[in-house]
Amino acid sequence: MNIPEQYQIKNILNQQTYLVGGELKPWAGETSDVYSTISSTPDYKPTLLGTIPVLGEKEALDALNAATLAYNKGQGLWPTMKVVDRIACMEKFVTQMKTKREEIVKLLMWEIGKNLGDSQKEFDRTVEYIYDTIEDYKQMDRNSAKFEKNSGVNAHIRRGPLGVVLCLGPYNYPLNETFALLIPALIMGNTAIFKPAKHGVLLISPLLEAFQTSFPNGVVNIIYGRGRTVATPIMQSGKVDVLALIGNSKSANALQNQHPKSNRLRLVLGLEAKNPAIVLKDADLDLAIEECIAGATSFNGQRCTALKVLYVHEAIVEEFNKRFSAKVDALKFGNPWEDGAKLTPLPEPDKPAYIQELIDDAVAKGAKVINKKGGETTENYIFPAVLYPVTKDMRVFQEEQFGPVIPVVSFSDIEEPLDDMAASNYGQQVSLFGADVKTLAPLIDTLVNLVCRVNLNSSCQRGPDVYPFTGRKDSAVATLSVHDALRSFSIRTFVASKDNAYNNAILKELLDSKASNFVSTDYIL
Ligand code: G3H
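Just so it is clear, the structure is predicted and the values come from calculations on it, not from any experiment.

1. A short note on the side chain of Ser520
In this structure, Ser520 sits in the segment after α17 (501–513). You can call Ser520 buried: its relative accessible area is 16%. Aside from chain neighbours lying at most four places away, what touches Ser520 is Ala145, His156, Arg158 and Leu511.

Here it is in structure tokens:
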């Protein structure tokens, strides 16, 4: 195997501690091996990367208690801290985080098979997200550094934390998406218990110390183990105020249902999707094909925003299929550090077999694999199969494949994809390819009511992160963007007093003495 020196796995990483109450607690109990599906040897063999603790209910509840104590019924150091001081903790964290780039990028490649460029992008985008969050919070704070007066009542309105957050991220963006939940949750004054995703766990190890030393004890607690064992008792306790999860709606529902007080529980969820591309007959075919390739195949289709079904007008479907298939076949498969590797090993060992099931089912119901390499399988990969014609009775039409298989459906009447989208359980984004404004205008007006982002002549994506990221139906609860996430993890709360000399003198003294961290008209520059 020709693995560049700097990316070789020379030592395995045994994660022997977990972070609870500001302490990196040693763990001597059960551990589980972390394997990469990438081989280090010419004869295929998964590579052992390290081990992680398999914590139990007791440790999970210890983490919950630490977070609850740090929140301390709203009296904790963290939720009552001045905004400027919380920001200072976050700045300290991100400064330390930046020193871990190389280590984390290498682990991203090995643990989830993301190519070098995209792994670097994931890291850099996350750092930028933290800085943008800090800036946005400063602006939010400046906007509320004032009093309002209405109907004889003075009010000082800010946003306050919600309490204890249970934060669970996905394996496809184990750093970025998890931090896009955790960072805004923390900066708004909440305390958190965070369990890394099923793949992409070890890459959190280089950051444990930064978490430990940047925030007060118990503000961030990091635990390992099986979701069912650790997350279930935490939810059952009824002490969680926010479930922040990016993943699958079934797991989100199962966890929500464990909480005994549903009105106490706020939800911030980014869930699955089946984003369609709709290619109209007047579309610029080169552009549509290029964008559909990126949308359907980047990170092997393992993105919630991936294009998971392509609707192509019957007048152009033959030409589209021919050129699209050739381009899919031209994509290079390789290990993540290889130059130009667009397709990379799948981190889930059972994924190739699942994708094969979808192909077999579609073929049995009348579809064909129309690209030459479609379905070619190795130990850790299955080459993207372009399936045509796909019909509604096929599993690949109904399920979120989250992997390398691309269903193409032809349509003659635009009502067909619109009806399918309306009937779908999902409603995140759509890609619309076409040029004629008279056709596009009414379509856009309808599509914005079926999904939450219409990408005109481009593939679907979350970024730039300042834009709202959300979805309808089973695709999301609440909105994430740099700004919206700060809102999602907080609530408006304020001090009100009748406008009279007695109260106003007290307010003035509160402001002048700077004794309150909440009542303040200071500007953070
Ligand atoms: O898995 C879903 C991600 O939020 C997608 O983000 O569009 O930047 O790849 P992305």
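2. A few points about the packing of aromatic side chains
Overall, the coordinates contain 12 aromatic pairs when judged by the stated rule. Judged by centre distance (6.2 Å) and plane angle (20°), the ring pair of Tyr7 and Trp337 falls under stacked. One end of the pair, Tyr7, is in the segment before β1 (13–14); the other, Trp337, is in the loop between α11 (317–329) and α12 (351–364), with 330 residues separating them in the sequence. Assessed through its relative accessible area of 15%, Tyr7 is described here as buried.

3. Digging into empty space enclosed by the protein
Per the counting criterion, the structure on display carries two cavities of 30 Å³ or more. Taken as a whole, the largest cavity spans an internal volume of roughly 50 Å³. Contributing to the lining of the largest cavity are 13 residues, with Leu269, Gly270, Phe469, Thr470 and Ala476 lying nearest its centre. When residues in the lining of the largest cavity are grouped by element, the largest group, three residues, is from strand β12 (residues 266–270). Looking at the lining of the largest cavity, its residues break down into eight nonpolar, five polar and no charged. Within this model, the second largest cavity holds a volume of roughly 40 Å³. Leu19, Gly22, Phe211, Gln212, Phe215, Pro216, Asn217, Gly218, Val219 and Val220 are the residues that line the second largest cavity. Tallied by class, the residues present in the lining of the second largest cavity amount to six nonpolar, four polar and no charged.

4. Notes on the UniProt feature "domain: Aldehyde dehydrogenase" (unreviewed entry) in the chain
UniProt feature "domain: Aldehyde dehydrogenase" (unreviewed entry): in the numbering of this structure it lies at residues 41–490. Between the end C-alpha atoms of residues 41–490 there is a gap of 50 Å, over a span that is 41% helix and 20% strand.

5. Digging into the site of the ligand
Close contacts around the ligand come from Arg125, Asn172, Tyr173, Glu177, Arg303, Cys304, Thr305, Gln461, Arg462 and Phe469, and that covers them all. The side chain of Arg125 places a nitrogen or oxygen atom 2.9 Å from an oxygen atom of the ligand. A per-class count over the shell around the ligand returns three nonpolar, three polar and four charged.

6. Notes on the side chain of Glu348
Mapped onto the elements of the fold, Glu348 is located in the loop between α11 and α12. Here Glu348 falls in the buried class, since its relative accessible area comes to 11%. Among the polar contacts made by the side chain of Glu348, one reaches the side chain of Tyr171 at a distance of 2.9 Å. At 2.8 Å, the side chain of Glu348 forms a polar contact with the side chain of Lys351. Discounting residues that sit within four places of it in the chain, Glu348 has contacts with Tyr171, Lys198 and His199.

Basis of the calculations
Residues numbered from 1 in each chain as written. Predicted model: local features only at pLDDT ≥ 70, side-chain atom pairs only at ≥ 80, totals over all residues. Heavy atoms only, no water. Helix = DSSP H or I, 4+ residues; strand = E, 2+ residues; numbered from the N terminus. Buried < 20%, exposed > 50% of the residue type's maximum accessible area, 1.4 Å probe, protein only. Contact = heavy atoms within 4.5 Å. Phe/Tyr/Trp six-rings, centres within 6.5 Å; stacked < 30°, edge-to-face > 60°. 1 Å grid on protein atoms, 1.4 Å probe; cavity = no way out; pocket = protein on both sides within 12 Å on 5 of 7 lines; lining within 4 Å. Points joined across faces, edges and corners; volume = space filled by probe spheres on them. Nonpolar A, V, L, I, M, F, W, Y, C, P; charged D, E, K, R; others polar. UniProt positions renumbered as here; feature names shortened; annotations may be inferred. Near = heavy atom within 4 Å. Polar contact = N/O pair within 3.5 Å; in protein donor to acceptor, adjacent residues only side chain to side chain.

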